Amino acid sequence: MRAIRRFTVRTVLPAELAALGELVHNLRWSWHPETTDLFAEVDPALWRQVGHDPVALLGAVDPARLRELAADRRFLRRLADAADDLREYMTAPRWYQTLSDAPRAIAYFSPEYGLAAALPQYSGGLGILAGDHLKAASDLGVPILAVGLLYRHGYFTQSLSPEGWQLEHYPSLDPGGLPLSLLKDVRVRVGLPGRRTLHAQVWVAQAGRVPLLLLDSDVAENDAAARDVTDRLYGGGTDHRLMQELLLGIGGVRAIRAYCESTGHPEPEVFHTNEGHAGFLGLERIRELTEARLSFDEALEAVRAGTVFTTHTPVPAGIDRFPAEMIERQFGGDTAWPTVPVERILALGAEAEPGVFNMAIMGMRLAQRVNGVSELHGEVSRGMFQTLWPGFDLDEVPIGSITNGVHAPTWVGRELMELAGRELPTLIERAQGWEGVQKISDAEIWEIRGILRRRLVESARARMRTSWRARGSSDAELGWIDEALDPDVLTIGFARRVPSYKRLTLMLSDPDRLRSLLLDPVKPIQIIIAGKAHPADEGGKKLIQQIVTFADEEDVRHRIVFLPDYDMALGQELVQGCDVWLNNPLRPLEASGTSGMKSALNGGLNLSIRDGWWDEWYDGTNGWAIPTADGVTDPDRRDELEAAGLYDLIEHEVADRFYDRAGEGLPRRWLEMVKHTLATLGPKVLAGRMLRDYVVGLYAPAAASARALSADGYGPAKSFAAWRLRVNQAWPAVRVEHVEAAGVGDTPEVGASLDLRATIALGDLDPADVAVEAAYGRVGPHDELISPRYLELAPDGPGGDDGRAHYTGTIPLDRTGAFGYTVRVLPSHPMACSKAELGLIAVPEEPAGMTNGTLR
Ligand SMILES: *Cc1c(COP(=O)(O)O)cnc(C)c1O
């Protein structure tokens, strides 16, 4: 029989142990092993049994044991110390508190969060990144207030059929059994077409200093369909996804308002949207301001100034889009907001294809600051979205980048963290001193690497046994697992979601070659693989099946294994225990990738295609770059070439180095690379570095813009909106009419300079509304300027009555070869944050470099 409803009866802790409840309900335990040591002491056997989940531990522990602990003075002392430590952590000033004028609070929106295996609300990289973002914010004292959804079935757990086919199970999660507390007396409501209302309650997960509000639609006021809105992460169809995104964006802002009101938490000055999914938050904020009597355009300016949008995918299919008619139904008709015209909403999400509403494009139009998640991804994103800024060169498209990072205390093996704490104290306290890694002895690092590899092998065997049993094998057939994998063999890890661009099966391109690498009598390798395919992705499941089928073969099954149910717990074991982290995406489709960073921090070496973060930070000696066959258009041929490069590297470089034990039994050349990796990559891949970049580069400037526009009852927002309107209307009359050059003769020489004088038709605009620039530099075969430099030209006298103005300036001829220049006009306003802010530009009707010349 199945229960129709489940809930968790919480333990009542004896008063002496009240602090234990506090510790359990702050997820800081998930990156603070001293706290989990204390949990383990409550009941060591039970702690293992509940999979290191402290809420489950408290739910299952025998009350008699609690009474015993309540009288155990040594335990009580340790508990008091741990509680003091947490309180200190929660209140002490940190890096952020040394800044002046930083935002009072920042709202962070994401559809998923990977904070701990015990809170399974993530599917992959985006969620893990969001979790690490919150934890690093907490460590640095950055006042983030995060918002997401509470999925009652989370993401699925994965197992395998006897045939190696992925099977999905959706566990029933009861919030009472999770480290959450309910925000009492708060209900969030979102109107739906047909006079329906979507209701949600709000749970709070506390990630150190950072509260995470999770909206949950499973409440009695909702009809059955509405109750299921937050049933699963990335489940269901388009309609379901829209409901989730409405709740996340609109409901999320309402949850923040309620939270701030009931707790006194400062209101966010900056809103950070991760990926398009949460984009409706901008509309809700426009609604708030228009109801406070701003016009739509004025509210749009105020909202844009304080919004940061981060795009996380360069895969066009990964962009979130809806049929425009669904948006029209939601925001028009009887659910329309009186102050927010539906046509304006539709225009925000309009893209080249008619009838489509694009959440990423709306995200970019609602945010004054936009970024990708690695330098290469920034560049690819500028190309993907260039058409939103017509007339601008690729590198002027206002999409920047902040490269992702990972939270070391979450991902680094405990032995290594302790070694670092002992030998390199400034690392932990001030994120400095990584070069000190060079002074640690090879033997010590190698010993820890051995411990981590052995731990992984032992855990992998246990997981293999569970998986083979679930696939129908009996224990009698599974004796071989005791000998499967080898704690001394070069161990390669490959774990990630299974979309096709990540090419799970690239390693199978030449099965015989792979087999001989695995079974090499002198320099064998072993490979541990994990990953989930999206439940609707039959192709991905086929790839998993191919890997499993190969790994099932009797001659190799001890050297290549697929471990089901990739989650944070398995991820931690893998990135800590593997010697090499393999990543072979189809370049440039990996936005950043983060698992390789986790491996690097654990003394693993990356073996990867130069994509995402690895394109940026591979330096020739901190791991290996698999050669990409970027230009090859036949996908099979490309795979074949890249796979051959991979096999060659493993055979001739990786295994050679690992097994070279000429130096007193230690792989000296290997450890040299490990140390170099830690010393140089260590400081870069940290989530703390990422957070500082966000604060300094985006959050603080966004707060400054938002404050500037909202001052004096939003006076500046009103005038900026009026200015934009006026410039948009006047722009068609703006022209570069004429450009004259003087100062060089027919044979210009390097070192000379060129005096430019441009005549600009301004139509109804004033000289103060525009900037006139010369762009100059090298030109290519089609007269295109290559990476031009810019010089702002100065007005030459007041503008004439005829709507014309003259501008002059001198450009240096400082390089030999083909040289060209042009003049352009751009709108200019102190509140704009890039030259492309309005997406308007005027260039001469003649092509660039009207007087191209060759310098000698
Ligand atoms: C780190 C991590 C990811 C993301 O890894 P990528 O390298 O970005 O693919 C996904 N899932 C889990 C469980 C992780 O720990």
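What counts and what doesn't
- Residues numbered from 1 in each chain as written.
- Predicted model: local features only at pLDDT ≥ 70, side-chain atom pairs only at ≥ 80, totals over all residues.
- Heavy atoms only, no water.
- UniProt positions renumbered as here; feature names shortened; annotations may be inferred.
- Helix = DSSP H or I, 4+ residues; strand = E, 2+ residues; numbered from the N terminus.
- Rg over C-alpha atoms; globule rule 2.2 N^0.38 Å.
- Buried < 20%, exposed > 50% of the residue type's maximum accessible area, 1.4 Å probe, protein only.
- Contact = heavy atoms within 4.5 Å.
- Areas by Shrake-Rupley, 256 points an atom, 1.4 Å probe, with all protein chains shown as cover.
- Near = heavy atom within 4 Å.
- Polar contact = N/O pair within 3.5 Å; in protein donor to acceptor, adjacent residues only side chain to side chain.
- Nonpolar A, V, L, I, M, F, W, Y, C, P; charged D, E, K, R; others polar.
- Salt bridge = Lys/Arg side-chain N within 4 Å of Asp/Glu carboxyl O.
- Core = buried A, V, L, I, M, F, W, Y, C linked by side-chain atoms within 4.5 Å.
- Domains from an automatic or database assignment.
- Axes fitted to C-alpha atoms, helices over the stretch in contact; angles between N-to-C directions.
- Parallel < 35°, antiparallel > 145°, perpendicular 65-115°, else oblique.
- Left-handed = near helix turned anticlockwise from the far one by under 90°.
- Pairing = 2+ DSSP bridges.
- Buried area = accessible area lost by both parts, 1.4 Å probe.

- As annotated in an unreviewed UniProt entry, the chain carries the name glycogen phosphorylase and comes from Nonomuraea typhae.
- Within the UniProt record for the chain, the comment given under Function (unreviewed entry) is "Phosphorylase is an important allosteric enzyme in carbohydrate metabolism. Enzymes from different sources differ in their regulatory mechanisms and in their natural substrates. However, all known phosphorylases share catalytic and structural properties."

A few points about the overall build of the chain
- In terms of helices and strands, the chain carries 27 helices and 28 strands.
- By the compact-globule yardstick of 29 Å for 856 residues, the chain fits well, its C-alpha radius of gyration being 29 Å.
- C-alpha atoms of the chain, sized along the principal axes, occupy 95 × 65 × 50 Å.
- Expressed as a percentage of the 856 residues in the chain, the buried residues total 56%.
- Put simply, of all contacts in the chain between residues at least 6 apart along the chain, 72% involve residues at least 24 apart.
- Summed over all atoms, the accessible surface of the chain reaches about 34,500 Å², with 51% contributed by carbon and sulfur.

A word on the site of the ligand
- As a matter of local geometry, the ligand sits amid 13 residues, with Trp411, Lys502, Thr594, Ser595 and Lys598 nearest to it.
- The separation between an oxygen atom of the ligand and a polar main-chain atom of threonine 594 is 3.0 Å.
- Here an oxygen atom of the ligand sits 2.5 Å away from a polar atom, N or O, in the side chain of serine 595.
- For the ligand, whose free accessible area comes to 380 Å², the fraction covered by protein is 95%.
- When the residues that make up the shell around the ligand are grouped by side-chain class, the tally is four nonpolar, five polar and four charged.

Structural notes on the UniProt feature "domain: DUF3417" (unreviewed entry) in the chain
- Residues annotated by UniProt as "domain: DUF3417" (unreviewed entry) correspond here to residues 13-119.
- Across residues 13-119 one finds 53% helix and 4% strand; the C-alpha atoms that close the span lie 22 Å apart.

Considering the pattern of salt bridges
- A complete count under the given rule lists 67 salt bridges for this structure.
- The partner of arginine 152 in a salt bridge is aspartate 218, and the shortest N-O contact between them spans 3.2 Å. Note that arginine 152 is positioned in the loop between β2 (144-149) and β3 (157-160) and aspartate 218 in the loop between β8 (210-216) and α8 (224-227), a separation of 66 residues in sequence.
- Relative accessible area serves as the criterion here: at 14%, arginine 152 is assigned to the buried category.
- For aspartate 218, a relative accessible area of 15% corresponds to the buried category.
- Here arginine 689 ties to aspartate 693 by a salt bridge, and the two come within 3.1 Å at their closest N and O atoms. Note that arginine 689 and aspartate 693 are positioned in helix α27 (residues 687-730) at a spacing of four residues, about one turn of the helix.
- Looking at arginine 689, the relative accessible area reads 17%, which means it is buried.
- Judged by relative accessible area, aspartate 693 falls into the partly exposed class, the value being 32%.

Here's the deal with the nonpolar core
- Membership of the largest hydrophobic core comes to 97 residues, with the highest contact counts inside it found for Met507, Ile560, Leu574, Leu607 and Trp670.
- Broken down by element, this core gets its largest block of residues, nine residues, from helix α19 (residues 442-470).
- The residue makeup of this core includes at least three contributed by each of domain 2 (95-401) and domain 3 (441-685).
- In this structure, leucine 607 is in contact with Val580, Trp581, Leu582, Asn583, Trp624, Ile626, Leu646, Leu649, Ile650 and Val654, ignoring residues within four places of it in sequence.

Focus: the environment of valine 843
- By the secondary structure assignment, valine 843 is in the loop between β27 (817-827) and β28 (853-855).
- Linking valine 843 and arginine 187, residues 656 residues apart in sequence, is a C-alpha distance of 54 Å.
- Once residues within four sequence positions are removed from consideration, valine 843 is found in contact with Val736, Val823 and Arg824.

Topic: the packing of helix α2 (residues 33-42) against helix α6 (residues 73-91)
- The contact between α2 and α6 brings their axes to 10 Å, and the two run at 150 degrees. With respect to each other, α2 and α6 are oriented roughly antiparallel. Pair α2 / α6 crosses with left-handed handedness. Residues Glu34, Asp37, Leu38, Glu41 and Val42 of α2 lie in contact with α6, whose contacting residues are Arg74, Phe75, Arg78, Leu79 and Ala82.

A look at the sheet that holds strand β25 (residues 794-795)
- Taken in spatial order, the four strands of this open sheet run β21-β22-β26-β25, and their pairing is antiparallel. The open sheet has two edge strands, β21 (735-742) and β25, and neither has a second partner.
- In this sheet, strand β22 (residues 753-761) lies alongside β21 in antiparallel orientation, the contact comprising seven bridges. The partner of arginine 735 across the bridge, within β22, is alanine 761.

Things to note about the domain arrangement of the chain
- Taken as a whole, the chain is organised into domain 1 (15-91), domain 2 (95-401), domain 3 (441-685) and domain 4 (734-855).
- Summarising the inter-unit geometry, the C-alpha centres of domain 2 and domain 3 are found 33 Å apart.
- Listed as interface residues are 36 residues of domain 2 and, on the opposing side, 36 residues of domain 3.
- Buried surface at the junction of domain 2 and domain 3, both sides included, amounts to about 2,800 Å², of which 61% is carbon and sulfur.
- The largest per-residue losses of area from domain 2 upon contact with domain 3 belong to Gln158, Leu160 and Trp165, which jointly make up 25% of the total buried on that side.
- Our count for the domain 2 to domain 3 interface comes out at one salt bridge.
- Looking at the side of domain 2 that touches domain 3, the elements that each hand over two or more residues are α7 (125-140), β3, β4 (166-169) and α15 (375-384).

Quick look at helix α22 (residues 568-577)
- Counting buried positions over the ten residues of α22 gives seven, a clear majority of the element.
- Of all the residues in α22, the buried ones are Met568, Leu570, Gly571, Leu574, Val575, Gln576 and Gly577.
- At the N-terminal end of α22, a side-chain oxygen is found 3.1 Å from the backbone nitrogen of alanine 569, two or three residues along, and the residue is aspartate 567.

Digging into unusual backbone geometry
- The linkage connecting arginine 587 with the following residue, proline 588, adopts the cis geometry, with an omega of 0 degrees.
- By secondary structure assignment, the location of proline 588 is in the loop between β18 (580-583) and α23 (595-601).
- Its identity is not glycine, yet serine 787 carries a phi of approximately 40 degrees, on the positive side.
- Mapping serine 787 onto the fold places it in the loop between β23 (770-778) and β24 (789-792).
- By relative accessible area, serine 787 is classed as exposed at 58%.

Focus: the sheet that holds strand β15 (residues 490-495)
- One open sheet accounts for six strands, arranged β17-β16-β15-β18-β19-β20; its pairing is parallel. The sheet is open, and its two edges are formed by β17 (560-562) and β20 (623-626), each paired on a single side. For this sheet, the mean inter-axis angle between neighbouring strands, taken without regard to orientation, is 20 degrees.
- The strands touched by helix α21 (residues 538-552) are β16 (525-530) and β17; relative to β17, the strand with the most contacts, the crossing angle is about 140 degrees.
- Its contacts with the sheet put helix α26 (residues 668-681) on β15, β18, β19 (605-609) and β20, and the angle it makes with β19 is roughly 80 degrees.

Brief notes about the packing of α19 against α26
- The contact between α19 and α26 brings their axes to 10 Å, and the two run at 85 degrees. What the angle tells us is that α19 and α26 run roughly perpendicular. Note on element contacts: α26 touches α19 through Arg668, Trp670, Leu671, Val674 and Lys675, opposite Asp442, Ile445 and Trp446.
- When its residues are assigned to classes, the contact of α19 with α26 shows five nonpolar, no polar and three charged.

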